[in-house]
Amino acid sequence: VQLQASGGGMVQAGGSLRLSCAASGRTFSTYGMGWFRQAPGKDREFVASIRWRGGDTYYADSVKGRFAISGDNAKSTVYLQMNSLKPEDTAVYYCAAMSLNNIDSYYYTRENKYRFWGQGTQVTVSS
């Protein structure tokens, strides 16, 4: 499975961006997708994820109420709508695909459970 992320850029604080991630290849082997981010000098962290079956979504506390994840399983595409952006949201954002089925929701926040990763897209929020 190959993942291609797009939509990053530079925006002022309070602005919005929409990230997209399209999967190709053996996408039938994926059961959900997620977004993670890595700021300079920090570890990569969970942002949001979606389980294809049922459409359950999961968010990091830091983005709840500001970010929204959505997806189209048929198109193997996931989106991240980011509103009310803050300078601390500045990071490289990575999309990832989950290849494990029937797992607890907790694991949708764990990067080591995602098998496939995209190349990352830079998001910069200026104050």
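Here the structure is shown first, and the text comes after it.
Residues numbered from 1 in each chain as written. Predicted model: local features only at pLDDT ≥ 70, side-chain atom pairs only at ≥ 80, totals over all residues. Heavy atoms only, no water.

1. Regarding the packing of aromatic side chains
Alright, step 1. Applying the stated rule across the entire model yields six aromatic pairs.
Alright, step 2. Considering the side-chain rings of Tyr58 and Tyr108, the 5.5 Å spacing of their centres and the 35 degrees angle between planes classify their relative orientation as tilted. Note that Tyr58 is positioned in strand β6 (residues 57–59) and Tyr108 in the loop between β9 (91–98) and β10 (114–117), a separation of 50 residues in sequence. An identical accessibility class is assigned to Tyr58 and Tyr108; each is buried.
Alright, step 3. Clustering of aromatic rings is evident, with ring pairs tying together Phe36, Phe46, Tyr114 and Trp117.
Alright, step 4. The ring of Tyr79 carries the charged tip of Arg18 above its face, separated from the ring centre by 4.1 Å.
Alright, step 5. Over the aromatic face of Trp117 sits the side chain of Arg44, whose NZ or CZ is 3.9 Å from the ring centroid. (Phe/Tyr/Trp six-rings, centres within 6.5 Å; stacked < 30°, edge-to-face > 60°. Helix = DSSP H or I, 4+ residues; strand = E, 2+ residues; numbered from the N terminus. Buried < 20%, exposed > 50% of the residue type's maximum accessible area, 1.4 Å probe, protein only. Lys NZ or Arg CZ within 6 Å of the ring centre and 35° of its normal.)

2. A word on the pairing of strand β5 (residues 45–51)
Each regular strand shows side chains that alternate between the opposite faces of the sheet.
Alright, step 1. Across the seven residues that make up β5, a large majority, six, are buried.
Alright, step 2. Bridge count between strand β4 (residues 32–38) and β5: six bridges; the pairing is antiparallel. Within β5, the position partnered with Trp35 by the bridge is Ala48.
Alright, step 3. Pairing geometry for β5 and β6, over three bridges, is antiparallel. Bridge pairing in β6 links Ser49 to Tyr58.
Alright, step 4. Between β5 and β6, which pair antiparallel in sequence order, lie five residues; one of them, Gly54, sits at a positive phi of approximately 95 degrees. (Pairing = 2+ DSSP bridges.)

3. With respect to the side chain of Ser76
Alright, step 1. Mapped onto the elements of the fold, Ser76 is located in the loop between β7 (67–72) and β8 (77–82).
Alright, step 2. Not counting the four nearest positions on each side in its chain, Ser76 is found in contact with Cys21, Ala22, Ala23, Thr27 and Met33. (Contact = heavy atoms within 4.5 Å.)

4. Here's the deal with the sheet that holds β7
Alright, step 1. What the four strands build is an open sheet, ordered β1-β3-β8-β7; its pairing is antiparallel. Across the chains shown, the open sheet's two edge strands, defined by having one partner strand only, are β1 (2–6) and β7. Taking each pair of neighbouring strands and ignoring which way they run, the sheet shows an average axis angle of 15 degrees.
Alright, step 2. Bridge count for β7 against β8 is six bridges, and the pairing is antiparallel. Residue pairing in the sheet places Ser70 in a bridge with Tyr79 of β8. (Axes fitted to C-alpha atoms, helices over the stretch in contact; angles between N-to-C directions.)

5. Quick word on the nonpolar core
Alright, step 1. Membership of the largest hydrophobic core comes to 38 residues, with the highest contact counts inside it found for Leu3, Trp35, Leu80, Met82 and Tyr93.
Alright, step 2. If you tally residues by element for this core, the top one is β9, at six residues.
Alright, step 3. Leu80 has contacts with Leu17, Arg18, Leu19, Trp35, Val47, Ala48, Phe67, Ala68, Ile69 and Tyr93, leaving out every residue within four places of it along the chain. (Core = buried A, V, L, I, M, F, W, Y, C linked by side-chain atoms within 4.5 Å.)

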